[in-house]
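# Examining the three-dimensional arrangement
As a plain string of letters, each chain reads:
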Amino acid sequence: VSTAQIAASGVWLGGRDPDGAKIGRLRLPVLVAGGKDDRLLPIGNQIHLARTIPHVVYVDYPGAAHGFFIQEAADFVPRLLRFLR
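This text gives an overview of the structure that appears in the document. (Residues numbered from 1 in each chain as written. Predicted model: local features only at pLDDT ≥ 70, side-chain atom pairs only at ≥ 80, totals over all residues. Heavy atoms only, no water.)

### Details of the pattern of salt bridges
Evaluated as defined, the whole model comprises 2 salt bridges. For Lys 36, the salt bridge goes to Asp 60, with nearest N and O atoms at 4.0 Å. Residue Lys 36 is found in the loop between β1 (31-35) and α3 (43-52), and its partner Asp 60 is found in strand β2 (residues 57-61); the two are separated by 24 residues along the sequence. Looking at Lys 36, the relative accessible area reads 42%, which means it is partly exposed. With a closest N to O distance of 2.6 Å, Arg 79 and Asp 75 form a salt bridge. Placement of both Arg 79 and Asp 75 in helix α5 (residues 73-84) is noted, with a separation of 4 residues, approximately one turn of the helix. Overall, Arg 79 belongs to the partly exposed group, its relative accessible area being 33%. (Salt bridge = Lys/Arg side-chain N within 4 Å of Asp/Glu carboxyl O. Helix = DSSP H or I, 4+ residues; strand = E, 2+ residues; numbered from the N terminus. Buried < 20%, exposed > 50% of the residue type's maximum accessible area, 1.4 Å probe, protein only.)

As structure tokens, then:
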């Protein structure tokens, strides 16, 4: 499954996202976060979103993986709560 996901993400990660124009028009607050060692959803996905969405709040966690929100809960949960307020 992860091989198929990575293959499907190739176009998107390469900056040839067919829906990129739609994403770039978002005007609502967006928080994009991820673990730099995430192998299921590579950090390139989050970086692409952060570059495409205007005024995004972006945070990444070196050394964290797919469960970054648990691994880095002491930092991420307060950030998330501030963002949601």
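Next comes the rest of the description.
### Concerning the pairing of β1
A large share of β1 lies buried, amounting to 4 of its 5 residues. Taken together, the 5 bridges between β1 and β2 define a ladder with parallel strand orientation. Bridging across to β2, Val 32 finds its partner in Tyr 58. (Pairing = 2+ DSSP bridges.)

### Describing the environment of Val 30
By the element assignment, Val 30 lies in the loop between α2 (20-23) and β1. As for Val 30 and Leu 84, which are separated by 54 residues in sequence, their C-alpha atoms are 9.7 Å apart. Residues in contact with Val 30, not counting those within four places in the same chain, are Ile 53, Val 56, Val 57 and Phe 83. (Contact = heavy atoms within 4.5 Å.)

### A look at the side chain of Asp 38
Mapped onto the elements of the fold, Asp 38 is located in the loop between β1 and α3. An unpaired buried charge is present at Asp 38: no salt bridge exists, and Arg 39, the closest side chain of opposite charge, is 8.0 Å distant. Here the side chain of Asp 38 touches Leu 40 through a polar contact of 2.8 Å, landing on its backbone nitrogen. Engagement of the side chain of Asp 38 in a polar contact is seen with the backbone nitrogen of Leu 41, the distance being 2.9 Å. Apart from residues no more than four positions distant in its own chain, Asp 38 is found in contact with Ile 43, Ala 64, Ala 65 and His 66. (Lys, Arg positive; Asp, Glu negative; His and termini not counted. Polar contact = N/O pair within 3.5 Å; in protein donor to acceptor, adjacent residues only side chain to side chain.)

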